[in-house]
Amino acid sequence: METPIYQKTRGLNRSFIFLFSLAVFLFALSPVSQSDTRTIIKNGEYIISHRSVPRVDIFSLSAGGAQFIAHFWLAAVIFYFLDAINPWTLIIFSALFTSASAILFLLFGRRLSGSLLLPAVLLPPLFALTLELWVPRAQIFSYLGVILLLIYLNYFPARHHSRLFLSFLPLLFLLWANLHAGVILGLLILTIFIATHFRASFFRPLLTISFISLLATFLNPNGFYLHLYPLLIKDVIASLGVMEWNSLLSFSHLLPARFFLTLIIIISSFIIFRLFSRRFSEPDDYFTAALLVLAVALPLTAIRQTAFFPILVFPILCREIKWRPPAHFLTPLPAGILSGILLFIFLLFGVQHARATLAEGAFNRHSLPVGAADFIIKNNLPAPIFNLENGGYLIYRLFPDYSIFFDNRNEVYRGAPLSEYLTIARRGDGWENLFNDKYNFQTAVLWYRPPLDSLAAGLSHDLFLRGWRLVFWDDAAIVLVRGGTSSTTPYQIINPFIAPDLIPPDKRRAAAAELSRALEISPDSL
């Protein structure tokens with residue numbers, strides 16, 4: 001039943017929810033800058049055209065026929081149809097998806113706290129910390145999956161008698177298992193809930209529907225390999241040192257990471273204090289404690305999992321913070337002033353972010369080899385291609401005319417393909433035999449910025465000594481070709497590894513002319 005105060009502020013609440021969703025949408029509008037987004041889309045294209053989900057690699061030069069676990073196949077189909085309309089359609093979908101997820105969570109927070117004010121204060125800063133991870137990647141479905149699961153488990157004690165309510169859980173896990181491998185996290189959360197409620201009156205229906213939900217996760221094209229996915233990619237990730245799989249602690253020298261770690265400590269300390277102050281007297285306290293451990297462990301395991309921290313702790317904070325503002329504070333004027341200030345700040349930055357996104361375009365040309373792919377296609381550069389990083393985008397643009405040597409599908413490159421890639425990139429023993437004899441590369445596309453700058457510099461230097469020529473250079477990639485294999489005019493003087501002051505005075509005019517030609521080809525370069 002609505003209170004008089006709620007009735008007075010109902011219109012204000014709706015306005016806040018609308019404007020908050022708009023702000024999140026604007027913040028979530030970001031150009032595609034992840035290479036694996038394009039791999040997902042290319043897989044979606046293959047699935048639609050062949051009406052089957054690939055189980056072996058079809059894109060790679062080095063790992064053709066290797067086991068491929070397309071755990072994101074349903075997301076790939078969705079992304080492909082959206083991208084086929086226009087790349088901006090996918091970006092807008094991702095932003096709308098993020099906005100809808102935020103509103104769903106905001107309403108859940110209102111339910112837990114009894115008013116909109118507390119979640120309205122907590123959610124915007126918590127959500128903003130990891131909003132950059134809500135991008136067109138399949139993992140966004142796992143973010144929503146965790147949100148829906150937490151909401152479901154909150155209502156389970158009261159609604160477990162409803163068959164319709166019970167049927168939602170297997171359906172959720174069935175869809176989740178075909179959208180993203182993050183369903184494993186959902187199973188872990190569900191297991192924790194079962195273990196901490198084994199004495200509850202609803203334990204038997206909980207255990208039954210959970211077992212059915214577990215079985216539902218096996219109804220995917222990869223079967224039980226989906227559940228083994230983290231184990232299958234573990235060694236490849238460790239060997240490559242994939243940045244997004246590094247612990248948040250690895251970035252503690254950076255201010256944003258320090259701030260996030262500080263926030264983890266403050267929030268964790270508050271929740272622990274609340275739990276011990278009542279000596280774990282409530283049935284859900286053990287579940288809360290386990291969720292907190294999980295929320296902290298995820299970002300400390302991999303920075304790509306930091307988005308789960310605010311998702312897991314937000315409902316806990318909404319329950320544990322007992323602050324209730326005075327009744328006069330919830331009247332339209334003061335509540336409107338506070339809401340207005342929060343939304344003005346959020347909307348201001350959101351509008352600026354959206355303007356920058358629209359100016360940049362659908363693809364981040366400073367991180368994706370958009371220009372390099374255009375150049376390869378336009379000049380019909382010879383195959384095969386060796387690539388250092390960004391294989392996913394190159395597959396999206398160049399396959400089937402070119403097969404790519406290496407991309408982000410970690411399970412595909414286990415064993416020999418990974419060893420060969422690292423041997424060439426690090427110029428280890430036998431790298432020339434692999435590069436020249438086994439694969440006979442004619443073109444190389446290299447990401448030359450950190451953390452691979454030293455690898456790119458060393459490999460480029462050795463290739464230049466062997467007659468290779470630099471033919472393209474922008475912010476995201478350099479393209480080299482074997483001498484005599486292309487009529488494209490090479491750069492004789494400039495390259496990203498030579499400081500301008502080291503160019504001899506008698507060659508600076510020619511270097512300036514080459515730089516002007518490079519900027520004419522890639523005017524967006526910084």
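Refer to the structure printed above.
Heads up: these notes are all about the structure in this document. (Residues numbered from 1 in each chain as written. Predicted model: local features only at pLDDT ≥ 70, side-chain atom pairs only at ≥ 80, totals over all residues. Heavy atoms only, no water.)

**A few points about the packing of aromatic side chains**
Phase 1: The full count for this structure, using the stated rule, is 40 aromatic pairs.
Phase 2: Taking 5.9 Å as the distance between ring centres and 45° as the angle between the ring planes, the aromatic pair formed by Phe93 and Phe97 counts as tilted. Here Phe93 pairs with Phe97, and both are found in helix H4 (residues 87-113), just 4 residues apart, close to one helical turn.
Phase 3: The class of Phe97 is buried, set by a relative accessible area of 12%.
Phase 4: Relative to Tyr393, the ring of Phe363 has its centre 6.1 Å away and its plane inclined at 70°; by these criteria the two rings are edge-to-face. Here the residue Phe363 occupies a position in the loop between helix H14 (332-360) and helix H15 (370-379), and Tyr393 occupies one in helix H16 (residues 391-398), the gap between them amounting to 30 residues.
Phase 5: Judged by relative accessible area, which is 17%, Phe363 ranks as buried.
Phase 6: For Tyr393, a relative accessible area of 1% translates into the label buried.
Phase 7: Note that Arg38 overlies the ring of Tyr396, its terminal NZ or CZ placed 4.1 Å from the centroid.
Phase 8: One Lys or Arg, Arg409, reaches over the ring of Phe68 and ends 4.9 Å from the middle of that ring. (Phe/Tyr/Trp six-rings, centres within 6.5 Å; stacked < 30°, edge-to-face > 60°. Helix = DSSP H or I, 4+ residues; strand = E, 2+ residues; numbered from the N terminus. Buried < 20%, exposed > 50% of the residue type's maximum accessible area, 1.4 Å probe, protein only. Lys NZ or Arg CZ within 6 Å of the ring centre and 35° of its normal.)

**Some words on the sheet that holds strand S3 (residues 469-473)**
Phase 1: Judged by pairing direction, the sheet is mixed, and its 4 strands sit side by side in the order S1-S2-S4-S3 without closing on themselves. Strands at the two margins of the open sheet, each flanked by one partner only, are strand S1 (385-388) and S3. Ignoring strand direction, the axes of neighbouring strands in this sheet form an average angle of 20°.
Phase 2: The pairing of strand S2 (residues 443-446) with strand S4 (residues 478-481) spans 4 bridges and is classified as antiparallel. Each bridged residue has a counterpart across the sheet, and for Thr443 the counterpart in S4 is Val481. (Pairing = 2+ DSSP bridges. Axes fitted to C-alpha atoms, helices over the stretch in contact; angles between N-to-C directions.)

**Section: the nonpolar core**
Soluble globular proteins tend to pack their nonpolar side chains together in the buried interior.
Phase 1: Among the nonpolar cores identified, the biggest contains 170 residues, and Trp134, Val146, Ile189, Leu312 and Phe386 are the most heavily contacted of them.
Phase 2: If you tally residues by element for this core, the top one is helix H6 (residues 139-159), at 13 residues.
Phase 3: In this view, Trp134 contacts Ala28, Ser94, Phe97, Thr98, Ser101, Phe127, Ile140, Tyr143, Leu144, Ile147, Ala307 and Ile311; residues no more than four positions away in its chain are not counted. (Core = buried A, V, L, I, M, F, W, Y, C linked by side-chain atoms within 4.5 Å. Contact = heavy atoms within 4.5 Å.)

**Section: the pairing of S4**
Phase 1: Residues Ile478 and Leu480 point to one face of S4 and Val479 and Val481 to the other, with burial holding for every one of them.
Phase 2: Pairing geometry for S3 and S4, over 4 bridges, is antiparallel. Residue pairing across strands places Leu470 opposite Leu480, the latter belonging to S4.
Phase 3: Counting the residues in the hairpin turn of S3 and S4 gives 4 residues.

**Some words on the pattern of salt bridges**
Phase 1: Per the stated rule, a full pass over the model turns up 17 salt bridges.
Phase 2: Between Asp83 and Arg38 there is a salt bridge whose closest N-O contact spans 2.8 Å. Linking Asp83 in helix H3 (residues 73-85) with Arg38 in helix H2 (residues 35-50), this pair joins segments that are 45 residues apart in sequence.
Phase 3: Given a relative accessible area of 8%, Asp83 falls into the buried group.
Phase 4: In this structure, a network of salt bridges that share partners links the residues Asp36, Arg137, Glu244 and Arg304. (Salt bridge = Lys/Arg side-chain N within 4 Å of Asp/Glu carboxyl O.)

**Brief notes about the side chain of Asp83**
Phase 1: Here the side chain of Asp83 touches Arg38 through a polar contact of 2.8 Å, side chain to side chain.
Phase 2: If we skip the residues at most four places from it in the chain, Asp83 touches Arg38, Ile41, Leu90 and Tyr396. (Polar contact = N/O pair within 3.5 Å; in protein donor to acceptor, adjacent residues only side chain to side chain.)

**Topic: a nonpolar patch on the surface**
Phase 1: Judged by side-chain polarity, Phe211, Leu214, Leu215, Phe218, Phe224, Tyr225, Leu228 and Leu231 come together as a nonpolar surface patch covering roughly 730 Å² of accessible area.
Phase 2: Secondary-structure elements contributing two or more residues to the nonpolar patch are helix H9 (203-216) and helix H10 (225-240).
Phase 3: By secondary structure assignment, the location of Tyr225 is in helix H10.
Phase 4: In this structure Tyr225 comes out as partly exposed when scored by relative accessible area, which is 34%. (Patch = residues over 30% accessible without salt bridge, like charges linked within 9 Å, V, L, I, M, F, W, Y side chains within 5 Å. Areas by Shrake-Rupley, 256 points an atom, 1.4 Å probe, with all protein chains shown as cover.)

**What to know about unusual backbone geometry**
Phase 1: Between Phe399 and Pro400 the backbone carries a cis peptide bond, its omega angle lying at 10°.
Phase 2: Note that the residue after Pro450, namely Pro451, is joined by a cis bond; omega there is 10°.
Phase 3: Examined against the element boundaries, Pro451 turns out to sit in the loop between S2 and helix H19 (453-465).
Phase 4: With a phi close to 50°, Asn380 is a non-glycine residue in the positive phi region.
Phase 5: Along the polypeptide, Asn380 turns up in the loop between H15 and S1.
Phase 6: With phi around 50°, Asn440 is a residue other than glycine that occupies positive phi space.
Phase 7: Turning to its location among the elements, Asn440 is positioned in the loop between helix H18 (431-438) and S2.
Phase 8: On the basis of relative accessible area, Asn440 is assigned to the partly exposed category, the value being 37%.

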